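# Analysis of the macromolecular model
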Amino acid sequence: MLKAVILIGGPQKGTRFRPLSFEVPKPLFPVAGVPMLQHHIEACSKVPNLKEILLIGFYQPNEALSRFLVTAQQEFKVAIRYLQEFSALGTGGGIYHFRDQILSGGPQAFFVMNADVCSEFPLLQMLEFQKQHENTHSYIMLGTTANRTQSLNYGCIVANTETQEVLHYVEKPSTFVSDIINCGIYLFAPTIFQHIAEVFQRNQQDIQLEENSSWQRTEVIRLEQDVFTALAGKCHLYVYKTDGFWSQIKSAGSAIYASRLYLSQYHTTHPERLAQTKVGGPTILGNVYIHPTAKVDSSAVLGPNVSVGMGVTIGAGVRVRESIILHGAILQDHSCVLNSIVGWDSTIGRWARVEGTPSDPNPNDPYAKIDSETLFREGKLTPSITILGCNVSIPAEVVILNSIVLPHKELSRSFKNQIIL
Amino acid sequence: MKALILVGGFGTRLRPLTLSVPKPLVDFCNKPILLHQVEALVKAGVKHVILAVSYMSDMLEKEMKEQEKRLGIRISMSHEKEPLGTAGPLALAKDFLTENSEPFFVLNSDVICDFPFEEMVHFHRHQGQEGTIVVTKVEEPSKYGVVMYEAETGKIQRFVEKPQVFVSNKINSGLYIFCPSILDRIQLRPTSIEKEIFPAMAQEGKLFAMELQGFWMDIGQPKDFLTGMCLYLQSVRQKHPEWLHTGPGFVGNVLVDPTAKIGENCCIGPNVTIGPGVTVEDGVRIKRCTIMKGSRIRSHSWLESSIVGWSSAVGQWVRMENVAVLGEDVIVNDELYLNGANVLPHKCIAESVPEPRIIM
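Residues numbered from 1 in each chain as written. Chains lettered and ligands numbered in written order. Predicted model: local features only at pLDDT ≥ 70, side-chain atom pairs only at ≥ 80, totals over all residues. Heavy atoms only, no water.

## Quick word on the overall build of chain B
As a reminder of what qualifies: Helical segments are the DSSP runs of H or I of at least four residues, strand segments are the runs of E of at least two, and each set is numbered from the N terminus. For the radius of gyration, the atom set is restricted to C-alpha positions; the globular benchmark scales as 2.2 Å times the number of residues to the power 0.38. Here the term buried applies to any residue with accessible area under 20% of the maximum for its type, exposed to any over 50%, and partly exposed to those in between, with areas from a 1.4 Å probe on protein chains only. Between two residues, a contact is recorded if the distance between any of their heavy atoms is within 4.5 Å. The protein chains shown are the only cover counted for residues, whose accessible areas, like all others here, come from Shrake-Rupley with a 1.4 Å probe. Within this scheme the basic residues Lys and Arg register as positive and the acidic residues Asp and Glu register as negative, but His and the chain ends are omitted. To locate a charge, take atom NZ for lysine, CZ for arginine, CG for aspartate or CD for glutamate.
Helix and strand content of chain B: seven helices and 29 strands. Against the globule reference of 21 Å for 360 residues, chain B gives a C-alpha radius of gyration of 21 Å, in line with a compact fold. Expressed as a percentage of its 360 residues, the buried residues of chain B come to 58%. Pairs at least 24 apart in sequence give 50% of the contacts found in chain B among residues at least 6 apart. Carbon together with sulfur atoms contributes 50% to the accessible area of chain B, which is approximately 15,300 Å² in total. Chain B carries 38 positive and 42 negative side-chain charges, and their two centres are separated by 1 Å.

## Regarding unusual backbone geometry
Each neighbour pair has its own omega, and for Gly303 of chain A with Pro304 of chain A the value is 0 degrees, a cis peptide bond. Checked against the element boundaries, Pro304 of chain A lands in the loop between β17 (301–302) and β18 (306–308). Cis geometry is found at the peptide bond from Arg15 of chain B to Pro16 of chain B, where omega equals 5 degrees. Relative to the assigned elements, Pro16 of chain B resides in the loop between β1 (2–6) and α1 (33–43). Look at Trp351 of chain A: it is not a glycine, yet its phi comes out positive at around 60 degrees.

## Some points on the packing of aromatic side chains
Note the following rule: Pairing of aromatic rings covers Phe, Tyr and the six-membered ring of Trp, with a centre-to-centre limit of 6.5 Å; geometry is then stacked below 30 degrees between planes, edge-to-face above 60, and tilted otherwise. Throughout this description, the term charge over a ring refers to an Arg CZ or Lys NZ atom that lies within 6 Å of the ring centre and within 35 degrees of the ring normal.
Counted by the stated rule, this structure contains 22 aromatic pairs over all chains. Ring geometry for Phe110 of chain A versus Phe193 of chain A: centroids 5.6 Å apart, planes at 10 degrees, classification stacked. Here Phe193 of chain A lies in helix α7 (residues 192–209) and Phe110 of chain A lies in strand β6 (residues 109–114), a separation of 83 residues in the sequence. Here Phe110 of chain A and Phe193 of chain A have matching classes, each one buried. Among the aromatic residues, those joined into a cluster by ring pairs are Phe110, Tyr139, Tyr169, Tyr186, Phe188, Phe193 and Phe228 of chain A. Cation over ring: Arg148 of chain A sits above Phe176 of chain A, and NZ or CZ is 3.8 Å from the ring centre. Directly above the aromatic system of Trp302 of chain B lies the positively charged group of Arg319 of chain B, at a separation of 3.8 Å from the ring centroid.

## A few points about the UniProt feature "domain: Mannose-1-phosphate guanyltransferase C-terminal" (unreviewed entry) in chain B
Operational definition: UniProt positions are given in the numbering used here, feature names are shortened, and annotations may be inferred rather than shown by experiment.
What UniProt calls "domain: Mannose-1-phosphate guanyltransferase C-terminal" (unreviewed entry) maps, in this numbering, to residues 251–359 of chain B. For residues 251–359 of chain B, the helix share is 0%, the strand share is 39%, and the end-to-end C-alpha distance is 32 Å.

## Digging into the sheet that holds strand β25 (residues 331–332) of chain B
Residue and element names in this part refer to chain B. Going by this rule: At least two bridges found by DSSP between two strands is the condition for calling them paired.
Here we have six strands laid out as an open sheet, ordered β13-β16-β19-β22-β25-β28, and parallel in their pairing. At either end of the open sheet lies a strand with only one pairing partner, and these are β13 (261–262) and β28 (348–349). In this structure, strand β22 (residues 313–314) lies alongside β25, joined through two bridges in parallel fashion. Within β25, the position partnered with Ala313 by the bridge is Ile331.

## Observations concerning the sheet that holds strand β15 (residues 272–274) of chain B
Residue and element names in this part refer to chain B. Here we have seven strands laid out as an open sheet, ordered β12-β15-β18-β21-β24-β27-β29, and parallel in their pairing. Both outer strands of the open sheet, β12 (254–256) and β29 (358–359), are each paired with one neighbouring strand and no more. Bridge analysis of β15 against strand β18 (residues 289–291) gives three bridges, and the strand direction is parallel. For Ile274, the partnering residue across the bridge sits in β18 and is Ile291.

## Notes on the packing of α7 of chain A against helix α8 (residues 223–231) of chain A
All names here are of chain A. So the rule is basically this: Orientation is described by axes fitted as lines to C-alpha atoms, over the contacting stretch for helices, and by angles from 0 to 180 degrees between their N-to-C directions. For this classification, under 35 degrees means roughly parallel, over 145 means roughly antiparallel, 65 to 115 means roughly perpendicular, and everything else is oblique. A crossing counts as left-handed when the near helix is turned anticlockwise from the far one by less than a right angle, and as right-handed when that turn is clockwise. Polar here means any residue outside two lists: the nonpolar Ala, Val, Leu, Ile, Met, Phe, Trp, Tyr, Cys and Pro, and the charged Asp, Glu, Lys and Arg; Gly therefore counts as polar.
Put simply, α7 and α8 touch, their axes get as near as 10 Å, and they point 115 degrees apart. The orientation of α7 with respect to α8, classified from their angle, is roughly perpendicular. The chirality of how α7 crosses α8 is right-handed. Taken together, the residues of α8 that come into contact with α7 (itself represented by Ile192, His195, Ile196, Val199 and Arg202) are Leu223, Asp226, Val227 and Leu231. Looking at side-chain class alone, the contact of α7 with α8 contains six nonpolar, one polar and two charged residues.

## With respect to the interface of chain A and chain B
The test is simple: Simply put, the buried area is the total loss of 1.4 Å probe accessible area from both parts when two parts are fitted together. Any Lys or Arg side-chain nitrogen located within 4 Å of an Asp or Glu carboxyl oxygen qualifies as a salt bridge. Polar contact is the term for a pair of N or O atoms within 3.5 Å; when the atoms are in protein, one must be able to donate a hydrogen and the other to accept it, and sequence-neighboring residues count only if both atoms are side-chain atoms.
Counting residues at the interface gives 18 residues for chain A, matched by 20 residues for chain B. Here chain A packs against chain B, burying approximately 1,400 Å² in sum over the two surfaces, 48% of which is carbon and sulfur. The largest contributions to the chain A side of the interface with chain B come from Trp351, Arg353 and Glu397 of chain A, which together make up 43% of the buried area. Linking chain A with chain B are five salt bridges. Of the charged contacts, one joins Glu335 of chain B and Arg319 of chain A as a salt bridge, the two residues approaching to 2.4 Å between their closest N and O atoms. If you look at where chain A meets chain B, you find 14 residue pairs in polar contact (both at pLDDT 80 or more). Residue assignment for the side of chain A that touches chain B shows that the elements contributing at least two residues are β20 (319–321), β23 (336–338), β26 (353–355) and β31 (399–401) of chain A. Residue classes in the side of chain A that touches chain B are distributed as eight nonpolar, four polar and six charged.

## Focus on the environment of Gln164 of chain A
Residues and elements named next belong to chain A. Within the secondary structure, Gln164 is located in the loop between β9 (155–159) and β10 (166–171). Through-space distance from the C-alpha of Gln164 to that of Val239 is 5.6 Å; in sequence the pair is 75 residues apart. In this view, Gln164 contacts Phe129, Ala159, Leu237, Tyr238, Val239 and Lys241; residues no more than four positions away in its chain are not counted. Within the structure, Gln164 has its side chain in polar contact with the backbone oxygen of Thr161 (distance 3.0 Å).

## Describing the side chain of Lys2 of chain B
Residue and element names in this part refer to chain B. Relative to the assigned elements, Lys2 resides in strand β1. Although Lys2 is buried, it makes no salt bridge; Glu102 carries the closest opposite charge, 4.8 Å away. Discounting residues that sit within four places of it in the chain, Lys2 has contacts with Val46, His48, Phe96, Leu97, Asn100, Glu102, Phe104 and Phe105.

## Quick look at the nonpolar core
Quick reminder of the rule: In this description, a nonpolar core means a group of buried Ala, Val, Leu, Ile, Met, Phe, Trp, Tyr and Cys residues linked to one another through side-chain atoms lying within 4.5 Å.
Counting 75 residues, the largest nonpolar core has Phe29, Ile53, Phe111, Leu123 and Ile341 of chain A as its most contacted members. Counting residues per element, this core draws most heavily on helix α9 (residues 252–269) of chain A, at nine residues. The contact partners of Ile53 of chain A, leaving out residues within four places of it in the chain, are Ala4, Ile6, Ile41, Cys44, Val78, Ala79, Ile80 and Arg81 of chain A. Within the second largest apolar cluster, 65 residues are counted, among which are Ala3, Val21, Val134 and Val146 of chain B.

## Observations regarding the packing of helix α1 (residues 36–45) of chain A against helix α2 (residues 63–76) of chain A
Residue and element names in this part refer to chain A. Put simply, α1 and α2 touch, their axes get as near as 11 Å, and they point 30 degrees apart. Between α1 and α2, the crossing angle belongs to the class labelled roughly parallel. Helix-helix and strand crossings are classified by hand; for α1 and α2 the assignment is right-handed. From α1, Leu37, Gln38, Ile41, Glu42 and Ser45 reach across to α2, where they touch Phe68, Ala72, Glu75 and Phe76.

In structure tokens:
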């Protein structure tokens, strides 16, 4: 029997995802038309004998999350439970705290995944890889190739080229170590908890030695820095390298990029989710998801990489490209939306233009990843995608360029390169 | 009667339009700028128009040959070999201007207004002095040279260049009528009529000011070209409302050449001029723009305060604003944003221009 744990974080995390994370927990933000987490759950549901999925995080129980759990359990026929941490315990602390829950029923192994990654989730391949090593006490981490510069922003893995054993692990090094990076997706055997327990005990001893260390809780454990660094070179930790797509989803801009990756995957996994140009329907260019309840005028042109949510209305002569339109939004006639996220129930007036600047990885570098850009550089807002928060109203004929509009704003003119509070 | 039109210069301020045609031939409200002036002169009884020109005069000469026939008047060209300022061209054209002793008009080619040529003749004859200049009221006199004159007679006392404190709100409008005796004051060398000739005439009490009624605009640069268009269309509304296009989808003063095609669900106006052979596709919004001959605006685009030069093509869902000017035969690809872009002729634009700049 197998299980899976998805680390969903909590409300203090995901600030780079504001203002969208004000309305919905970031793991439930729709990517390619479905909640970010659902892609993980779908991948788990395809693993034979995977009996339970545990979500660990520190969100207060909330309606959106509960509703998602109910529908996902029905749809994917797998038990899903949410386990709430009393405070942020880190990537290792959470699973250690809930180790009894994870081990109940006696799984031979369990997956651990970060919620804010977008991936092909080669879970079956990871299981197969573990079998090849015929060592039930081996732990597998998913790795992928990055370019040298960007590797510094990730956990870097040095592995034996034949056995793929991890010889060295370092989180976000300041100089180049390896171009194999940690994807935040692991396959553990139950014995992993022994190694986490060692860290826990060491933390406790440290706290007794240091008087002023009350800020550091003994239970806060980071898988990456505390556990993997120690395990490297000890014949337990292996990397399974994938050439499949993978990206972090840190900023809102990366949600548009992740949508593109998943939409493209739908050709094999969910062709029914991809809209087609039909007689009397809108023109579809490239990969587009349209929720069945959305109303789209036949003269609109959508795509590539567009996701249209529930109950959205798209008027005559509207153009949407590289964007996510969240549920209930209204795009009035002749408006043009490019590289933007349009928040729930927002309205865009006739002939208005809502445009952002994409932060896509360099298309000429197969190993390039998306940069989780900082909002400001040298005191200036860096051009990024345009984000309209929930219930924002954009008047007719204006242009909103490279701007972030916080929820419930009614704008009365054009804005460029601004955060509108 | 005769008139001398100071065409001069390269029209650099009206680039990129003047890279394709000399400034007097740039279309203003579907008619070359120069023809607005020439036709008004003909109406006032002028039989001989002299153009003081310096560049691209072949094109101008060819066009004027046709107009000569059409209007039944004589049009002469007076070629400057070197720039002669605003007064020098009078000396150069002396032979034409002294063919008889009648007064003659002189005008700057950049000016658009309700040309008051007949009133000028009356005023000038009534004063019986050497010269009359037409003055117009402006809101910000500190940007111009203002004219101070006796309110009752119009006799000019002095000129004040860019006054820092308010002295008058009347400026020289660039329209004059002179007796041939003025030519005795001007030598054949670069001379400024405003700075060198007028002050002397004023001192002798021989220069009078006549106030212009109605609108006036120096349309020598794109921003003012558009403002001038708005003023001109408003005066058309008063004098010839039947010239303006009305109907569903048209707002305010809009001039559309009968050969232009306008699609469905458009909203055009206020203050738009659409030239001959232009195609505007469906769902286009245009306000405060000039679209010149042979251009195409593709569906769902939005244009404000912009000039689309001859035979250009603007793609779908393009947004142009803030005095964007396309030269002749420019192509703007779909979905781009042009903010104050100045695009030279024969360019293809494939990227947005989010801040005003020149596209070479």
